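Below, each chain spelled out in residue letters.
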Amino acid sequence: MNSLIAAEDSAAAAEGKLPPEAMPEPRSQGKLVLRKFLRHKLAMVCTAILLLLVLTVIIMPIFWPYDYEDSSFPSFAKPSGEYPLGTTQVGKEMVSQILRGTQYSLLIALIVSIVATTIGTVFGAMAGYLRGFTDSAISRVTDLFLIVPQIAAAAILAKVFGGGTWYIVAIVLASFGWMPIARIARAEAMSLSQREFVDASRASGAGTFHIVFKHLVPNMIGLITVNATLAIAQAVLIEAALSFIGLGVQLPDTSLGRVILENYSQLQNRPALFFGPFVVLVLISLTINFIGDGLRDAFDPRQRRMKG
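Summary of the structure given here. (Residues numbered from 1 in each chain as written. Predicted model: local features only at pLDDT ≥ 70, side-chain atom pairs only at ≥ 80, totals over all residues. Heavy atoms only, no water.)

## A few points about the packing of aromatic side chains
Within the structure shown, the criterion is met by 15 aromatic pairs. Judged by centre distance (5.3 Å) and plane angle (90°), the ring pair of F244 and Y264 falls under edge-to-face. Linking F244 in helix α11 (residues 221-244) with Y264 in the loop between α12 (256-263) and α13 (271-299), this pair joins segments that are 20 residues apart in sequence. Judged by its relative accessible area of 33%, F244 is partly exposed. Aromatic pair Y264 and F274: ring centres 6.0 Å apart, planes at 65°, arrangement edge-to-face. In this pair, Y264 is assigned in the loop between α12 and α13 and F274 in helix α13, connecting sequence segments 10 residues apart. Assessed through its relative accessible area of 44%, Y264 is described here as partly exposed. (Phe/Tyr/Trp six-rings, centres within 6.5 Å; stacked < 30°, edge-to-face > 60°. Helix = DSSP H or I, 4+ residues; strand = E, 2+ residues; numbered from the N terminus. Buried < 20%, exposed > 50% of the residue type's maximum accessible area, 1.4 Å probe, protein only.)

## Section: the environment of D297
Note that D297 resides in helix α13. Placed 261 residues apart in sequence, D297 and K36 show a C-alpha to C-alpha distance of 7.8 Å.

## Quick notes on empty space enclosed by the protein
What the rule picks out here adds up to one cavity of 30 Å³ or more. Computed from the structure, the largest cavity encloses a volume of approximately 80 Å³. In terms of lining residues, the largest cavity is bounded by V112, A116, Q150, L173, G177, A231, Q234, A235 and I238. Sorting the residues of the lining of the largest cavity by element identifies α4 (94-130) and α11 as the ones contributing at least two each. Looking at which element gives the most residues to the lining of the largest cavity, the answer is α11, with four residues. Among the residues making up the lining of the largest cavity, the classes are represented as six nonpolar, three polar and no charged. (1 Å grid on protein atoms, 1.4 Å probe; cavity = no way out; pocket = protein on both sides within 12 Å on 5 of 7 lines; lining within 4 Å. Points joined across faces, edges and corners; volume = space filled by probe spheres on them. Nonpolar A, V, L, I, M, F, W, Y, C, P; charged D, E, K, R; others polar.)

## With respect to the packing of α4 against α13
Running from N to C, α4 and α13 point in directions that differ by 30°, and their axes come no closer than 10 Å. Between α4 and α13, the interaxial angle falls into the category roughly parallel. The crossing of α4 and α13 is right-handed. Counting all contacts with α4, which are made through M94, I98, T102 and L106, the residues of α13 involved are L273, G276, P277, V280 and I284. Its residues placed into classes, the contact of α4 with α13 shows seven nonpolar, two polar and no charged. (Axes fitted to C-alpha atoms, helices over the stretch in contact; angles between N-to-C directions. Parallel < 35°, antiparallel > 145°, perpendicular 65-115°, else oblique. Left-handed = near helix turned anticlockwise from the far one by under 90°. Contact = heavy atoms within 4.5 Å.)

## Thoughts on the pattern of salt bridges
Opposite charge on two side chains permits them to pair, given that their charged atoms come into close proximity. Tallied over the entire structure, the rule returns six salt bridges. Taking the shortest distance from any N to any O, the salt bridge between R186 and D135 comes out at 2.6 Å. A residue pair is termed long-range when its members are at least 10 positions apart, and R186 in helix α8 (residues 179-192) and D135 in helix α5 (residues 132-147) qualify at 51 residues. Across the pair D293 and R296 runs a salt bridge, and its minimum N-O distance is 2.8 Å. Placement of the pair is D293 and R296 together in helix α13, with a separation of three residues, close to one helical turn. A relative accessible area of 39% places R296 in the partly exposed class. (Salt bridge = Lys/Arg side-chain N within 4 Å of Asp/Glu carboxyl O.)

What follows is the structure in structure tokens.
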């Protein structure tokens, strides 16, 4: 009996008609993307480094013996076993300053990425699907925001509305960071709106919001994920630039840019005070950018199919 079944399966295979249980299980898009990302060695290394960094700045302050607000330490103490990176001019321990600054920088960048990606995706998807007047209006607003110098506008608005409070800086940066995502989402929505599943949904009586948020946006998840990741790296650098020139986060809040600004004058005499936060800033930016490259390759259908 088993031989007969095997013979029938062989014949079916020869005709290209295998029984359902004999067919290989199809992989979902999510599994394919995950496998491709896991095989991107540089992206995986950067992911591990970034996760280690995030866990460090979250957990280490709990056990670190020095508080970032404590200014009772000796001024400009040299790096030692007691103070690994020394102390600042006002008597603050440097490692605690870096830990706190990294927390704020990552928090600001995450808020900027979420808000900017949401705004850009919604505006871009609506413009690409509706076209006509809506597309023209959103495109003109996008162009208007693009020609405004982002750092200058963000610095002015941060001063006017919040005096350098960290969450005000985050919202201001997000309000000037959605335009590139909107342009990419618009182009993708224009392409997707020509697909058969959109025509079928429209023919069944589905409204604009249903089509945009149930069909277009879910099919742009790869694009959204990649751009949201890269927006984090960009936000970290822009916030640091604003804080470094004294127009971003202000005391009592802090950030990596703020810590770098406070110790920039010690670059030659006490380089550990400057290069400590600077190296962390560069490390965050590089790892996130390489992770974004890995995600882009993983979501790209033109990449070589995974075997196995």
